[in-house]
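One letter stands for each residue in the lines below.
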Amino acid sequence: TSVIPQLELIDEHERLRFNALYRFNSLYYLKNTNLNYTIHNGTLGMNMNISRNLSLLVNDTISYVGNSLEPSNTGIQIGPTGIITNIFSTTITHRVTPLSTANIMLSNAIYEYEHPTFTDTRVDSAALSWVYTLATNTSLTNTYSFSKYYFDTTNTTNGGDNMESHSFSLGIAESLSP
């Protein structure tokens, strides 16, 4: 059973939009009550159309997951713990031609675990995307992404090294409606 109430406030102007969102998510299991947990999620965002072909999107999301056994973004948990997450991201979108768009995304994510044996993690990421419109409902997308993981190993005995990740993706999207 899930309960997910939320409250969103929006302030919209000609070229600028602000939004604030609070979401409460609670999951309850009838047979395995030790899996029950709650999530508090708050997001602040701003979307600015700088010009006809250039826009800026900024978001900051803070989440608290209480007593979760579910895996997080950086690994599978071996026991219940609370997780505090803060993800800040900014995206710049530029319409290069009527058929193509370039996006640059930068983000910083922090994962802090209440359980002392779990490793707190910071992730810095950057991505560059190019979207080309092939037809009214069809587009081709390619993206290069880079992420650097910083592990706080002061609470662990096995060391653990920082890690880098590079990826390239190529995709085609077909929209079912315009």
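Refer to the structure above for everything that follows.
Quick caveat: nothing in here was measured; it's all calculated off a predicted structure.

Chemist: Quick rundown of the overall build of the chain? Include the residues and the values.
Modeler: For the chain, the count of helices and strands is 0 helices and 10 strands. Order of helices (α) and strands (β) in the chain, N terminus to C terminus: β-β-β-β-β-β-β-β-β-β. For the chain, the proportion of its 178 residues judged to be buried stands at 28%. Counting contacts in the chain only where the partners sit at least 6 residues apart, residues at least 24 apart contribute 44% of the total.

Chemist: I'd like a rundown of the pattern of salt bridges, residues and numbers included.
Modeler: Under the counting rule described, the total for this entry stands at 3 salt bridges. E12 serves as the salt-bridge partner of R17, at 3.9 Å between the closest nitrogen and oxygen. Relative accessible area serves as the criterion here: at 57%, E12 is assigned to the exposed category. Taking the shortest distance from any N to any O, the salt bridge between K148 and E164 comes out at 3.5 Å.

Chemist: Please give an account of the packing of aromatic side chains that cites residues and values.
Modeler: Inspection of every chain in the model, using the stated rule, returns 1 aromatic pair. Seen in terms of ring centroids, Y149 and F151 are 6.3 Å apart; in terms of plane orientation they differ by 10°. Their pairing is stacked. A relative accessible area of 23% means that F151 is categorised as partly exposed. One residue, R122, lies across the ring of Y150, its end atom 4.1 Å from the ring centre.

Chemist: Please provide a residue-by-residue account of the pairing of strand β6 (residues 81–97), values included.
Modeler: Relative to strand β7 (residues 100–113), β6 runs antiparallel, the two being bridged by 14 bridges. By the bridge assignment, I87 is partnered in β7 with A109. In this antiparallel pair of consecutive strands, β6 and β7, the connection spans 2 residues.

Chemist: Can you tell me about the pairing of β7, naming the residues and giving the values?
Modeler: Relative to strand β8 (residues 121–135), β7 is paired through 12 bridges, and the arrangement is antiparallel. Bridged to A102 within β8 is W130.

Chemist: Talk me through a nonpolar patch on the surface; I want residue IDs and the actual numbers.
Modeler: Residues V96, L99, W130, Y132, L134, L140, Y144, F168, L170 and I172 make up a contiguous nonpolar surface patch of roughly 980 Å² in combined accessible area. Of all elements in the fold, only β8, β9 (138–151) and β10 (163–174) reach the threshold of two or more residues within the nonpolar patch. With respect to the helices and strands, W130 occurs in strand β8.

Chemist: Residue-level account of the side chain of S89, with values.
Modeler: Its place among the elements puts S89 in strand β6. Judged by relative accessible area, S89 falls into the buried class, the value being 17%. Those residues within four positions of S89 in sequence are excluded, and the remaining contacts are L57, V58, N59, L106 and S107.

Chemist: Report on the side chain of N41, specifying residues and quantitative values.
Modeler: Here N41 is to be found in strand β4 (residues 37–51). At 3.4 Å, the side chain of N41 and the side chain of T43 are in polar contact. A polar side-chain atom of N41 sits 3.3 Å from a polar atom in the side chain of S63. Discounting residues that sit within four places of it in the chain, N41 has contacts with L21, Y22, R23, T61, I62 and S63.

Chemist: Account for the nonpolar core, with residues named and values stated.
Modeler: Judged by nonpolar contacts, L27, Y37, I39, V65, I83, A109, Y111, Y113, F118, V123 and Y149 together constitute the single largest core of 11 residues. Here this core takes 3 residues from β7, the largest share from any one element.

Chemist: Explain the environment of Y144 to me, and be specific about the residues and the numbers.
Modeler: Within the secondary structure, Y144 sits in strand β9. Judged by relative accessible area, which is 37%, Y144 ranks as partly exposed. With 15 residues separating them along the chain, Y144 and S129 place their C-alpha atoms 6.5 Å apart. Apart from the residues lying within four places of it in its own chain, the contact partners of Y144 are A126, A127, L128, H166, S167 and F168. Of the polar contacts made by the side chain of Y144, one reaches the side chain of H166; its length is 2.6 Å.

Rules behind the numbers
- Residues numbered from 1 in each chain as written.
- Predicted model: local features only at pLDDT ≥ 70, side-chain atom pairs only at ≥ 80, totals over all residues.
- Heavy atoms only, no water.
- Helix = DSSP H or I, 4+ residues; strand = E, 2+ residues; numbered from the N terminus.
- Buried < 20%, exposed > 50% of the residue type's maximum accessible area, 1.4 Å probe, protein only.
- Contact = heavy atoms within 4.5 Å.
- Salt bridge = Lys/Arg side-chain N within 4 Å of Asp/Glu carboxyl O.
- Phe/Tyr/Trp six-rings, centres within 6.5 Å; stacked < 30°, edge-to-face > 60°.
- Lys NZ or Arg CZ within 6 Å of the ring centre and 35° of its normal.
- Pairing = 2+ DSSP bridges.
- Patch = residues over 30% accessible without salt bridge, like charges linked within 9 Å, V, L, I, M, F, W, Y side chains within 5 Å.
- Areas by Shrake-Rupley, 256 points an atom, 1.4 Å probe, with all protein chains shown as cover.
- Polar contact = N/O pair within 3.5 Å; in protein donor to acceptor, adjacent residues only side chain to side chain.
- Core = buried A, V, L, I, M, F, W, Y, C linked by side-chain atoms within 4.5 Å.

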